Amino acid sequence: MAIVEIRDLYKEYRARGKVVKALNGIDLTIEEGEFFGLLGPNGAGKTTLIQCITTLLIPTKGEISVCGYDALREPSKVRASIGCMLTGERSIYWKLTGRENLDYFGALYHIKKRRDRIEELISMLSLEDFIDRRVETYSSGQRMKVAFAKTLIADPPVIILDEPTITLDVLASRELRQAIKEINRNGTTVIYTTHLMFEVEELCDRVAIIDEGVIKALDTVEGLKRISGDERRIKLSLSDPSTVAEALRGVESVKEVSEENGSVVVVGGALDSILKAVLSSGVELKDIDVSSPDLENVFLKLTGKRLEE
Ligand SMILES: Nc1ncnc2c1ncn2[C@@H]1O[C@H](COP(=O)(O)OP(=O)(O)OP(=O)(O)O)[C@@H](O)[C@H]1O
Ligand SMILES: [Mg+2]
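What counts and what doesn't
- Residues numbered from 1 in each chain as written.
- Chains lettered and ligands numbered in written order.
- Predicted model: local features only at pLDDT ≥ 70, side-chain atom pairs only at ≥ 80, totals over all residues.
- Pairing = 2+ DSSP bridges.
- Helix = DSSP H or I, 4+ residues; strand = E, 2+ residues; numbered from the N terminus.
- Domains from an automatic or database assignment.
- Core = buried A, V, L, I, M, F, W, Y, C linked by C-beta atoms within 7 Å.
- Buried ≥ 20, exposed ≤ 12 C-beta atoms within 10 Å, placed from the backbone.
- Contact = placed C-beta atoms within 7 Å.
- Axes fitted to C-alpha atoms, helices over the stretch in contact; angles between N-to-C directions.
- Parallel < 35°, antiparallel > 145°, perpendicular 65-115°, else oblique.
- Left-handed = near helix turned anticlockwise from the far one by under 90°.
- Nonpolar A, V, L, I, M, F, W, Y, C, P; charged D, E, K, R; others polar.
- Expected span 1.5 Å × (residues − 1).
- Near = placed C-beta within 6 Å.

## Looking at the pairing of strand β10 (residues 214-219)
Thinking step 1. The pairing of strand β9 (residues 206-211) with β10 spans five bridges and is antiparallel. Pairing of A208 across the sheet is with L218, part of β10.
Thinking step 2. Taking the residues that link successive antiparallel strands as the turn, the β9-β10 hairpin has two residues, and the phi of E212 there is positive, at about 50 degrees.

## Some words on the domain arrangement of the protein
Thinking step 1. What the domain assignment lists for the protein is domain 1 (2-227) and domain 2 (233-292).
Thinking step 2. The C-alpha-based centres of domain 1 and domain 2 are spaced at 45 Å.

## Some points on the nonpolar core
Thinking step 1. Membership of the largest hydrophobic core comes to 68 residues, with the highest contact counts inside it found for V66, A149 and I160.
Thinking step 2. A per-element tally of this core places helix α5 (residues 140-152) first, with six residues.
Thinking step 3. Other than its neighbours up to four places away in sequence, V66 contacts I3, V4, I53, A71, V78, S81, I82 and V158.
Thinking step 4. Of all hydrophobic cores here, the second largest spans ten residues; its members include V244, L248, V264 and V266.

## Description of the environment of F105
Thinking step 1. Secondary-structure assignment places F105 in helix α3 (residues 98-108).
Thinking step 2. Excluding anything up to four places from it in sequence, F105 contacts K150 and I153.

## Some points on the packing of α3 against α5
Thinking step 1. Their axes nearest at 10 Å, the elements α3 and α5 cross at an angle of 20 degrees. In terms of axis orientation, α3 runs roughly parallel to α5. For the element pair α3 and α5, the recorded crossing hand is right-handed. Note on element contacts: α5 touches α3 through V146, A149 and K150, opposite G98, N101, L102 and F105.
Thinking step 2. By residue class, the composition of the contact of α3 with α5 is four nonpolar, two polar and one charged.

## Side note on α5
Thinking step 1. With 13 residues, α5 extends 18 Å between its outermost C-alpha atoms, agreeing within 8% with the 18 Å of an ideal straight helix rising 1.5 Å per residue.
Thinking step 2. Extensive coverage of α5 is indicated by the burial of eleven of its 13 residues.
Thinking step 3. Residues of α5 that are buried sit in contact with β6 (82-85), α3, α4 (114-124), β7 (158-162) and α6 (170-185).

## Overview of the site of ligand 1
Thinking step 1. The environment of ligand 1 is formed by Y13, A15, V20, A22, G40, N42, G43, A44, G45, K46, T47 and T48.
Thinking step 2. Put simply, the parts of the chain that give the shell around ligand 1 at least two residues each are β1 (2-15), β2 (18-31) and α1 (46-53).
Thinking step 3. Across the shell around ligand 1, the residue classes break down as five nonpolar, six polar and one charged.

## With respect to the sheet that holds β7
Thinking step 1. Reading across from one edge, β6-β7-β8-β3-β9-β10 is the order of the six strands in this open sheet, with mixed pairing throughout. At either margin of the open sheet sits one strand with a lone partner, and together these are β6 and β10. The mean inter-strand angle of the sheet, taken between neighbouring strand axes irrespective of direction, is 15 degrees.
Thinking step 2. The pairing of strand β3 (residues 35-39) with β9 spans four bridges and is parallel. Bridge pairing links L39 to I209 in β9.

Below is the structure:
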C-alpha cells in the first residue's frame, strides 16, 4: 500500500529577483514499510522535497499525500503521521537533559502514557548511560540518538531523516544506522537522504537518484546497477594468463577480457561459465576477486556528477 504519494511536484524559490527551480516535476510513490533512499549531490533538491512532504514548505505546484492525508488541505494530520529529524543535534535543547527533552516533546505532542513511551525508547536505543545528563555534555553520537528518540516519540508510521549520520564518527554512525534499521524492521516506513553510497547499499529497499530537482532513476540498488549497464568484474590470478584469456574470449556474454601482470580481468559473462572455462583449461587458479558494479559509477553516468567531492 502506498504511504507517501507525490504527483507532479514543483518548487521554486524566489530570492532577490532570481528564481531557483529546486524541484522540477517529481512523481514518487513510497510503499508502507519501505526503507526509501533519496540520493543526490549538493543542491539536488533533497531537503526541499522533504520539507514539502513534511508541510514545512508549500509547493509551487503539485500534490502530496501522506497516509492518505493531503499535505495542503490536512497539514496537521500529515505532520502527525511523520517523525522527522532534519536538523539533528540542533533539534533538542542542550540545557536540558535527554529525558527532559523527551518529556517536553512528549507533552507537546500530547503523547498518552509518555513516561512509558520514554522508558521504551531509552531501552530500545540504549540511552541509559547519559539520558539524565544535560545534552551539552553529550558526544555528537549521543545527541543524535536522543534527537532520533524524539523523532520516534509519537510512534509515527513514517520517519524522515535528512543525512542523519553526517556529523558522526564511524562507530556512532553505525550505531545510529542499526537503530534506524531496527525501527524499519518493526514496520515504520523510513525516508532517508544521504550522499553516502555505502549507506544506500546497506539500508535501502529502493532508491531515487535526484539531481537538479528531477528523479533521474528509481529502483532497488541492484536494479540501478543493472540500468547503468555496468557489469561484474572478475580478476583471476593464474599461472598462465594468456591461455585462460584466450579460452574466456569464447565464453558467452563475456564483454571484455584483458591481461594485467599475471592476472586476467573479465567483464560480464555468467560466473559459472567463466569458472568452468578456467578449470577446464587446466591452468592453476591462484586467486580470484569479484567486484560488483559500483553505485558511484551509476550515479556519475546518470548525473555527470560525483556524490562526494
Ligand atoms: N530558501 C531558499 N531560497 C533560495 N534558494 C534555495 C532555498 N533553499 C534551497 N534553495 C536552492 O534550491 C536548490 C535545492 O536545494 P536543497 O537544499 O533542496 O538541496 P539538497 O539536495 O538538500 O542539497 P544538500 O545535499 O546540499 O543538502 C539549491 O539550488 C538551493 O540553493
Ligand atoms: Mg539538504
